Amino acid sequence: MSERMHEQQLRVPAGSTVADLSKAPLPTESTLRKRMSLPLQVIRFFVFNARIMRMVLKGHSQDH
Amino acid sequence: MADVVVLGAGVSGHTAALHLSRLLPPGNTVTVVSPNSQWNWIPSNIWVGVGKMAKKQVVFPLAPVYRKRGIRFVQAKATAIRPRGDETSERPAVDVEYTAPDKARQTERIRYDYLVNATGPQLRFHATPGLGPDGGHTVSVCTADHAVEAAAALRDTIERLKAGQSQTLVVGMGHGTCTCEGAAFEYVFNVDHELREAGVRDRARLVFLTNEAELGDFGVDGMVFEERGFQTTSELWAGSLFRERDVQAILGAHVSRVEPGVVHYETLDGASHTLDFDFAMLLPPFGGVQLKAFDRDGADITEHLFAPSGFMKVDADYTPKPYDEWRAEDWPKTYQAVGYDNIWAVGIAFAPPHQISRPRKSANGTVIAPSPPRTGMPSGVMGKVAAMSIADRIKHGTSAPNHEASMAAMGAACVASVGEGLRTGSAAAMTMMPVVPDYQRFPTGRDLADTRGEVGLAGHWVKLMLHYLFLYKAKALPGWQLIPE
Ligand SMILES: Cc1cc2nc3c(=O)[nH]c(=O)nc-3n(C[C@H](O)[C@H](O)[C@H](O)COP(=O)(O)OP(=O)(O)OC[C@H]3O[C@@H](n4cnc5c(N)ncnc54)[C@H](O)[C@@H]3O)c2cc1C
């Protein structure tokens, strides 16, 4: 058991209705680094905006 | 020549008014009725609510913008609609009560040829005893002023943490039928970020209390994403973030009462629980603004125009049906009011045909299911579509076809900031296409190419860009109409 999980379980009071998230995937160090990497995130910024624009073009005018 | 009246100057009403001012030939008039003198970019209230932005950065006065666009601004709240006029005239009218300090409480009957109801939500804190900042025991981020109060309460909590006390912070939904889960999701991770920055995260217990039966539902029945050759869900994706940031989640909860420092809630299994807190930001359920409707002879016809929730009935299929029979076609396309071809209801003001998330009740029969969200992007598009339909009717006659924008064919982006700072910020950015899943068209309900979730610094930049872009657009600065809704 990781230290972080152990801490979380310590802080959940007995009988609590807190959801068990111990099966949720934890990001690896490399994923966390990629999420903050400047060159990679610049690319993601443009990809995300391109996707929004595609949705705008597809969905915003539905006239026949 | 026609007079167009827009009720509400939020995302949808303001968008409709600006486009009308652009599309209508001279001689026609546009009047906006709204109780607040300022426009508020509500999504950025989240940053105000953690003290990272000042109120003045998310609001601006409407009057100069309307003056520039030739729009009449009436600072008042609408109280009643008279769609067939009154005893003195057949021309339809709305009754308004002024809120501007110099005219407070004065009333006026404004005649219209076309009406757009964009009055947004009524914040129903009263649905849960003890909820909300006005006389209750919790804070909110629904308005800029609420967010300022929330930031002060959070600051006090951080001071207590710094003094070595342990604190429990609860963020989430204040009733089983709330909507806007994305906003609470965003706020909880911003609070997490603040606590980490202040170096006190280890003494804080942070709890997300939600009416969603599963994390990542967001009131849209969750999403399926395609990632690295696998289909995965927004539940796993959101769960990962909660686990990574050590935010505890209580799911399927209906808050029944709040006392000082204690939330009482019921879960889907019917059991009652309490949760002690030192700081709580709980959103209220939304209803429609309570407008009345009267016929020419003064008869009350409110229930013809409005659903019991207070939202206006439009061209949706309101036949009650089980979840399995919900279809994309149930959702409105034109937002024209039932029975009146010169009234539109857009944004949060229209009555949805049903929820989007699976309906659920607790073992005691309490409804615990998110109401359907109507986020910024669809609300803006509906406002524009109503403006285009009205402009066509004025220019080409009343047989001009309506423009359409169904939420079952329209996408939405939800960028939930999970931390602030140009180099240190982050956001959980989601796009979904369409908002209302269409299982007849897509096996997973949505187009996998456009339905995505990612976490990272880029999302924070997108959120910041949207903040500046939409404020620019709302101020009607040069080229505003080129910025999509
Ligand atoms: C905290 C928070 C964060 C959010 N974050 C996001 C986000 O990141 N992205 C996103 O897409 N959406 C977000 N939303 C949702 C978004 O704010 C709404 O979708 C949008 O504001 C809806 O637009 P609207 O025009 O229907 O309502 P509103 O913007 O609320 O506007 C309603 C208008 O009607 C006026 N009004 C009220 N009563 C009357 C009356 N009687 N007569 C006349 N006028 C009246 C109000 O003063 C207001 O001007 C968030 C919402 C909240 C609360």
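Residues numbered from 1 in each chain as written. Chains lettered and ligands numbered in written order. Predicted model: local features only at pLDDT ≥ 70, side-chain atom pairs only at ≥ 80, totals over all residues. Heavy atoms only, no water.

Chain B goes by Sulfide:quinone reductase in an unreviewed UniProt entry, where it is assigned to Tessaracoccus lapidicaptus. The UniProt entry for chain B carries the following comment under Cofactor (unreviewed entry): "FAD". Its UniProt record gives chain B a comment under Sequence similarities (unreviewed entry), which states: "Belongs to the NADH dehydrogenase family." (UniProt positions renumbered as here; feature names shortened; annotations may be inferred.)

Enquirer: Mind showing me how you'd approach the interface of chain A and chain B here?
Expert: Often, the extent of an interface is quoted as the loss of accessible area upon association of its parts. Tallying the contact residues gives 38 residues for chain A and 57 residues for chain B. Counting the surface lost from both chain A and chain B, the interface buries some 4,200 Å², and carbon and sulfur atoms represent 59% of this. At the boundary of chain A and chain B, one finds six salt bridges. Note that aspartate 450 of chain B is salt-bridged to lysine 58 of chain A, the shortest N-O span being 2.7 Å. Along the contact surface separating chain A from chain B lie 16 residue pairs in polar contact (both at pLDDT 80 or more). When contributions to the side of chain A that touches chain B are tallied by element, the ones reaching two or more residues are helix 1 (3–11), helix 2 (29–36) and helix 3 (38–59) of chain A. (Contact = heavy atoms within 4.5 Å. Buried area = accessible area lost by both parts, 1.4 Å probe. Salt bridge = Lys/Arg side-chain N within 4 Å of Asp/Glu carboxyl O. Polar contact = N/O pair within 3.5 Å; in protein donor to acceptor, adjacent residues only side chain to side chain. Helix = DSSP H or I, 4+ residues; strand = E, 2+ residues; numbered from the N terminus.)

Enquirer: What is the right way to read helix 4 (residues 144–162) of chain B from this model?
Expert: Structural remark: α-helix, 3.6 residues per turn; residues separated by three or four positions point the same way. Residues and elements named next belong to chain B. With 19 residues, helix 4 ought to run about 27 Å at 1.5 Å a step, and its terminal C-alpha atoms sit 27 Å apart, in line with that. Buried residues of helix 4: Ala144, His146, Ala147, Ala150, Ala151, Leu154, Thr157, Ile158 and Leu161, and no others. All buried residues of helix 4 lie within an arc of 140 degrees about the axis, which places them on one face of the element. Positive backbone phi, at 100 degrees, marks glycine 164, one or two positions downstream of helix 4. (Expected span 1.5 Å × (residues − 1). Buried < 20%, exposed > 50% of the residue type's maximum accessible area, 1.4 Å probe, protein only. Arc of directions from axis to C-beta.)

Enquirer: What is the right way to look at the pattern of salt bridges in this model?
Expert: Side chains that differ in sign of charge can pair as their charged atoms come close. Following the criterion strictly, the structure yields 31 salt bridges over all chains and no others. Of the charged contacts in the structure, one is a salt bridge between arginine 105 of chain B and glutamate 97 of chain B, with a shortest N-O distance of 3.9 Å. Overall, glutamate 97 of chain B belongs to the partly exposed group, its relative accessible area being 22%. Taken together, the salt bridges that share partners define one network made up of Arg35 of chain A together with Asp192, Arg196, Arg201, Glu244 and Arg245 of chain B.

Enquirer: What am I meant to see in the sheet that holds strand 15 (residues 248–250) of chain B here?
Expert: Two orientations exist for strands paired in a sheet by backbone hydrogen bonds: parallel and antiparallel. Residues and elements named next belong to chain B. With respect to topology, four strands assemble into an open sheet ordered 15-12-11-19, the strand pairing being parallel. Of all strands in the sheet, those bounded by a partner on one side alone are strand 15 and strand 19 (279–283). Taking each pair of neighbouring strands and ignoring which way they run, the sheet shows an average axis angle of 15 degrees. Note that strand 11 (residues 167–173) and strand 19 share five bridges and pair parallel. Counted as the bridge partner of methionine 173 is leucine 283 from strand 19. Here helix 4 sits on the sheet in contact with strand 11, strand 12 (204–209) and strand 19, set at roughly 155 degrees to strand 11. (Pairing = 2+ DSSP bridges. Axes fitted to C-alpha atoms, helices over the stretch in contact; angles between N-to-C directions.)

Enquirer: Sorry, what's going on with the sheet that holds strand 18 (residues 272–276) of chain B here?
Expert: Residue and element names in this part refer to chain B. Taken together, the three strands give an open sheet; going across it, the order is 16-17-18, and neighbouring strands pair in antiparallel fashion. In the strand order of this sheet, the two ends are held by strand 16 (253–259) and strand 18, each with one partner. Here the average twist between neighbouring strands, direction ignored, is 30 degrees. Strand direction decides the pairing type here: strand 17 (residues 262–267) and strand 18, joined by five bridges, are antiparallel. Across the sheet, residue histidine 264 finds its bridge partner in strand 18, namely threonine 274.

Enquirer: So what exactly am I meant to see when it comes to the nonpolar core here?
Expert: Residue and element names in this part refer to chain B. Core analysis: the largest hydrophobic core is formed by 149 residues, its most contacted members being Phe185 and Tyr187. When neighbours within four sequence positions are excluded, phenylalanine 185 is seen to be in contact with Phe208, Phe218, Ala238, Leu241, Phe242, Ala416 and Ala428. Residues Val170, Val207, Val255 and Tyr265 belong to the second largest nonpolar core, which totals 16 residues. (Core = buried A, V, L, I, M, F, W, Y, C linked by side-chain atoms within 4.5 Å.)

Enquirer: Would you explain the packing of helix 4 of chain B against helix 5 (residues 181–197) of chain B in this entry?
Expert: Think of two packed helices as two axes; the pair is described by the angle between the axes and how far apart they sit. Residues and elements named next belong to chain B. Where helix 4 meets helix 5, the closest approach of the two axes is 11 Å, and the angle between their N-to-C directions is 40 degrees. Accordingly, the angle class assigned to the pair helix 4 and helix 5 is oblique. The two elements helix 4 and helix 5 meet at a crossing, and its hand is right-handed. Residues Ala150, Leu154, Ile158 and Leu161 of helix 4 form the contact with helix 5, whose own contacting residues are Tyr187, Val191, Glu194 and Leu195. Residue composition of the contact of helix 4 with helix 5, by class: seven nonpolar, no polar and one charged. (Parallel < 35°, antiparallel > 145°, perpendicular 65-115°, else oblique. Left-handed = near helix turned anticlockwise from the far one by under 90°. Nonpolar A, V, L, I, M, F, W, Y, C, P; charged D, E, K, R; others polar.)

Enquirer: Is there a simple way to explain unusual backbone geometry in this structure?
Expert: Only a minority of non-glycine residues have a phi that is not negative, and only a minority of peptide bonds are not trans. All names here are of chain B. Going from methionine 433 to proline 434, the amide bond is cis rather than trans, its omega being -5 degrees. With a phi angle near 75 degrees, cysteine 180 is a residue other than glycine that sits in the positive phi range. Among the structural elements, cysteine 180 can be located in the loop between strand 11 and helix 5. Under the relative-accessibility criterion, cysteine 180 is labelled partly exposed at 31%. Phi is positive for phenylalanine 218, which is not a glycine, with a value near 55 degrees. Considering the arrangement of structural elements, one finds phenylalanine 218 in the loop between strand 12 and strand 13 (224–227). The class of phenylalanine 218 is buried, set by a relative accessible area of 7%.

Enquirer: I would appreciate a short explanation of the site of the ligand in the present structure.
Expert: Residue and element names in this part refer to chain B. Near the ligand there are 30 residues, and of these Ser12, Ala78, Ile348, Arg374 and Gly376 occur at the shortest range. One nitrogen or oxygen atom from the side chain of serine 12 is found 2.7 Å from an oxygen atom belonging to the ligand. Note that an oxygen atom of the ligand is positioned 3.4 Å from one of the backbone N or O atoms of threonine 375. Every element with two or more residues in the shell around the ligand is listed here: helix 1 (11–23), strand 6 (76–82), helix 5 and helix 8 (376–396). For the shell around the ligand, the residue count by class is 15 nonpolar, 11 polar and four charged. Composition of the shell around the ligand by domain shows at least three residues from each of domain 1 (3–35 + 76–121 + 288–363 + 372–396) and domain 2 (123–286 + 411–482). (Near = heavy atom within 4 Å. Domains from an automatic or database assignment.)

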